[in-house]
Protein chains: 2
Amino acid sequence: MSILVVGSVAFDSIETPSGKRERVLGGAATHFALAASYFTEVRVIGVVGEDFLPEHEAVLTRRGIDTRGIERAAGKSFHWTGSYVQDLNSAETLATDLNVFATFAPKIPTEYLDAEYLFLANIDPVLQARVRSQMPMVKMVCGDTMNYWIGSHLENLKKVLKELDVLLINDGEARMLSGESNAVRAAEKVMAMGPKCLVVKHGEYGATGFFSERAFGGGEKKLRPFRAPALPLEDVVDPTGAGDSFAGGFYGYLASQPKLTPSAFRTAMFYGGVMGSFAVERFGTERLQDVSRAEIDERFRLFREISHLDTEA
Amino acid sequence: MSILVVGSVAFDSIETPSGKRERVLGGAATHFALAASYFTEVRVIGVVGEDFLPEHEAVLTRRGIDTRGIERAAGKSFHWTGSYVQDLNSAETLATDLNVFATFAPKIPTEYLDAEYLFLANIDPVLQARVRSQMPMVKMVCGDTMNYWIGSHLENLKKVLKELDVLLINDGEARMLSGESNAVRAAEKVMAMGPKCLVVKHGEYGATGFFSERAFGGGEKKLRPFRAPALPLEDVVDPTGAGDSFAGGFYGYLASQPKLTPSAFRTAMFYGGVMGSFAVERFGTERLQDVSRAEIDERFRLFREISHLDTEA
């Protein structure tokens, strides 16, 4: 089934211990869409400037991604400049040039209105809420956010949280949003704000999923959490977009399943880790552009092997 | 088969957000021995003072632990005072009174010499090496250490590392010992120092095992790593001894197995997490004293369920 994603389509200038790249295609919606495109149909809503050329659009359309919702505006595209030279686990933002993104007002093409799955990437919660309200019939809503919105736009964010089936955030964001340092109590507090499921990402340690029976048509009862591994990687070339790629693999797999079951959620968390592990192997979206479905399946088996007791040898 | 453990038998005064306890039985060898005692025979070598009463010894002997190697010396037992009030994940040491431990010279009773498995708990590497040399016939040697020995006694520690089949340390210690921030490269460097297997503990995120074929009679080839989960816990009463309890569950299970296989190692890592999760539920060794084998098996199943794709529902 089809996913509609709203979020940034941008250019990134990135420095890591492995090297430097200027103005490579990036943005949360781009990474998400590429990762999800290996599992299901994806439609993108975003805004770009005059510097977004046919060659950039082709990166998406080659993967079958529907780009009709990417609006062209006068001026330059959103441009992020960051460095991981000090710490591969944490980006140092050197510049955020919002450009055409500063006045982004998402418009949903009529051809997009029948999408069953909505992904609200990390943008202003006011925009997330606006898109959500224009898609009343979706089967499922999944969202991301970041410390900036939690710290400075909490009331707006809380309105979005009420609408979410699944929230994907990292450890620090879960602590900040809940005011709780204990991971289990933090998850409970966050889920009390709305999300029926919470996936907390732990970077190199994988992710933990928390579920309420509400997610599967039941009551408030908590189900047991689930731990998905991350692959121990010898070489991380560029962590940019790893979280969005996780989200794309996770939600893409879910949208490809006939039924939302706890088992589908667990498998989706594994595919999230798989797509995140590919994303960091090269700069920008390079690896996500050319990975094959066979490689994805092979890595899924590897994730299973490194975490399951009943594997060979 | 029988494990010989050498390490501290001590009293701990502990403050955590859950409360305060004065002079409860603790020490690395105590936590290790109690955790391992649910899987196999355990013999302890350590030293205590005149404050170590029959009631303290009974904590060990009730679990069938052989205490004939615990030497009585004039003076007081090792006493550690620590607080987790600021941060449950990291102990603040308020006082370390070595007392009789300051002049500890491990002596191995002749009845202990046929132990097949040796565990060198976190003590001066000079003492670890001395015990190891007195047990030339053991089938397997597993060891622990800490930042203090890595920082100030590295040359002595390196002699011990050459003798180890398995080293159990945490993330920070692996980084410090290797000078590498990448976990995979850190593991390779540490294993090049001697250990055939390395288990790196990640606290609330579980543990990663790294293996060389040397561990199973093969060559230098690396096997794929293994990720074992930790249980997301709502209430951590006292983290003291969690790492030693992990080691006890891990090594106790290994020593109970007829053959050292990769599969046995993976299962051992799960049992390590299981025993660590019990240890933190109450102060000191309280929980490790009265857990039942049925509870251990039940929690093992839970660890499997929260990390495996093919579980029910």
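The structure presented is a predicted model; accordingly, all values stated were derived computationally and were not measured.

Some points on the pairing of strand 9 (residues 140–144) of chain A
Remember that side chains alternate between the two faces of the sheet whenever the strand is regular.
Residues and elements named next belong to chain A.
In step 1: Burial within strand 9 is extensive, with five of its five residues counted as buried.
In step 2: Here strand 9 shows no split at all, with Met-140, Cys-142 and Asp-144 on one side and Val-141 and Gly-143 on the other all buried.
In step 3: Bridge analysis of strand 8 (residues 117–120) against strand 9 gives four bridges, and the strand direction is parallel. Bridge pairing links Leu-118 to Val-141 in strand 9.
In step 4: Remark: the strand 8/helix 3 (residues 125–134)/strand 9 crossover connection has right-handed handedness.
In step 5: Relative to strand 10 (residues 166–170), strand 9 is paired through three bridges, and the arrangement is parallel. Pairing of Gly-143 across the sheet is with Leu-167, part of strand 10.

Side note on the environment of Gly-49 of chain A
Residues and elements named next belong to chain A.
In step 1: Structurally, Gly-49 can be placed in the loop between strand 4 (42–48) and helix 2 (54–61).
In step 2: Separated by 221 residues in the primary sequence, Gly-49 and Phe-270 have C-alpha atoms spaced 35 Å apart.
In step 3: Not counting the four nearest positions on each side in its chain, Gly-49 is found in contact with Ala-73, Gly-75, Lys-76, Ser-77 and Val-100.

Section: the packing of aromatic side chains
In step 1: Applying the stated criterion across every chain yields a total of 35 aromatic pairs over all chains.
In step 2: Where Phe-119 of chain B meets Tyr-251 of chain B, the ring centres are 5.9 Å apart and the plane angle is 50°; that geometry is what we call tilted. On the criterion of sequence distance, the pair formed by Phe-119 of chain B in strand 8 (residues 117–120) and Tyr-251 of chain B in helix 8 (residues 242–255) is long-range, its members being 132 residues apart.
In step 3: Aromatic side chains Phe-216 of chain B and Phe-265 of chain B sit 5.5 Å apart centroid to centroid with 90° between the ring planes, which places their arrangement in the edge-to-face category. Taken together, the residues Phe-216 of chain B in the loop between strand 12 (207–211) and strand 13 (226–228) and Phe-265 of chain B in helix 9 (residues 262–279) connect sequence positions 49 residues apart.
In step 4: The class of Phe-265 of chain B is buried, set by a relative accessible area of 1%.
In step 5: One aromatic cluster is present, formed by Phe-39, Phe-226, Tyr-253, Phe-270, Tyr-271 and Phe-300 of chain A through successive ring pairs.

As for the pairing of strand 5 (residues 66–72) of chain A
In step 1: By the bridge criterion, five bridges tie strand 4 of chain A to strand 5 of chain A in an arrangement that is parallel. By the bridge assignment for strand 5 of chain A, Gly-46 of chain A is matched with Ile-70 of chain A.

Quick notes on unusual backbone geometry
All names here are of chain A.
In step 1: Within the chain, Asn-99 stands out as a residue other than glycine whose phi angle is a positive 50°.
In step 2: With respect to the helices, strands and loops of the structure, Asn-99 is situated in the loop between strand 7 (92–97) and strand 8.
In step 3: On the accessibility criterion, Asn-99 (33% relative accessible area) is partly exposed.

Some points on the sheet that holds strand 6 (residues 79–83) of chain B
All names here are of chain B.
In step 1: Read from one edge to the other, the open sheet built from four strands follows the order 3-2-6-7, with strand pairing classed as mixed. Looking at strand neighbours, the two that pair on one side only are strand 3 (19–26) and strand 7 (92–97), the edges of this open sheet. Put simply, the sheet's adjacent strands are angled 15° from each other on average, direction ignored.
In step 2: The pairing of strand 6 with strand 7 spans five bridges and is classified as antiparallel. Each bridged residue has a counterpart across the sheet, and for Gly-82 the counterpart in strand 7 is Thr-93.

Quick look at the interface of chain B and chain A
In step 1: Tallying the contact residues gives 39 residues for chain B and 39 residues for chain A.
In step 2: Approximately 3400 Å² of surface area, both sides summed, lies buried where chain B meets chain A, with 49% of it carried by carbon and sulfur atoms.
In step 3: Of all residues in chain B, Tyr-205, Arg-227 and Leu-309 of chain B give up the largest surface area on contact with chain A, accounting jointly for 25% of the area buried on that side.
In step 4: Linking chain B with chain A are eight salt bridges, by the criterion used here.
In step 5: Residue Arg-224 of chain B pairs with Glu-305 of chain A through a salt bridge whose shortest N-O separation is 3.1 Å.
In step 6: Counting every contact that joins chain B to chain A gives 20 residue pairs in polar contact (both at pLDDT 80 or more).
In step 7: Listed by contribution, the elements that provide at least two residues to the side of chain B that touches chain A are helix 7 (183–192), strand 13, helix 9 and helix 11 (293–305) of chain B.
In step 8: Among the elements that line the side of chain B that touches chain A, the one with the most residues is helix 9 of chain B, at five residues.
In step 9: Across the side of chain B that touches chain A, the residue classes break down as 17 nonpolar, eight polar and 14 charged.

Rules and cut-offs
- Residues numbered from 1 in each chain as written.
- Chains lettered and ligands numbered in written order.
- Predicted model: local features only at pLDDT ≥ 70, side-chain atom pairs only at ≥ 80, totals over all residues.
- Heavy atoms only, no water.
- Buried < 20%, exposed > 50% of the residue type's maximum accessible area, 1.4 Å probe, protein only.
- Helix = DSSP H or I, 4+ residues; strand = E, 2+ residues; numbered from the N terminus.
- Pairing = 2+ DSSP bridges.
- Right-handed = clockwise from strand over helix to strand, strands pointing away.
- Contact = heavy atoms within 4.5 Å.
- Phe/Tyr/Trp six-rings, centres within 6.5 Å; stacked < 30°, edge-to-face > 60°.
- Axes fitted to C-alpha atoms, helices over the stretch in contact; angles between N-to-C directions.
- Buried area = accessible area lost by both parts, 1.4 Å probe.
- Salt bridge = Lys/Arg side-chain N within 4 Å of Asp/Glu carboxyl O.
- Polar contact = N/O pair within 3.5 Å; in protein donor to acceptor, adjacent residues only side chain to side chain.
- Nonpolar A, V, L, I, M, F, W, Y, C, P; charged D, E, K, R; others polar.

Taken by themselves, the reported measurements are silent on function.
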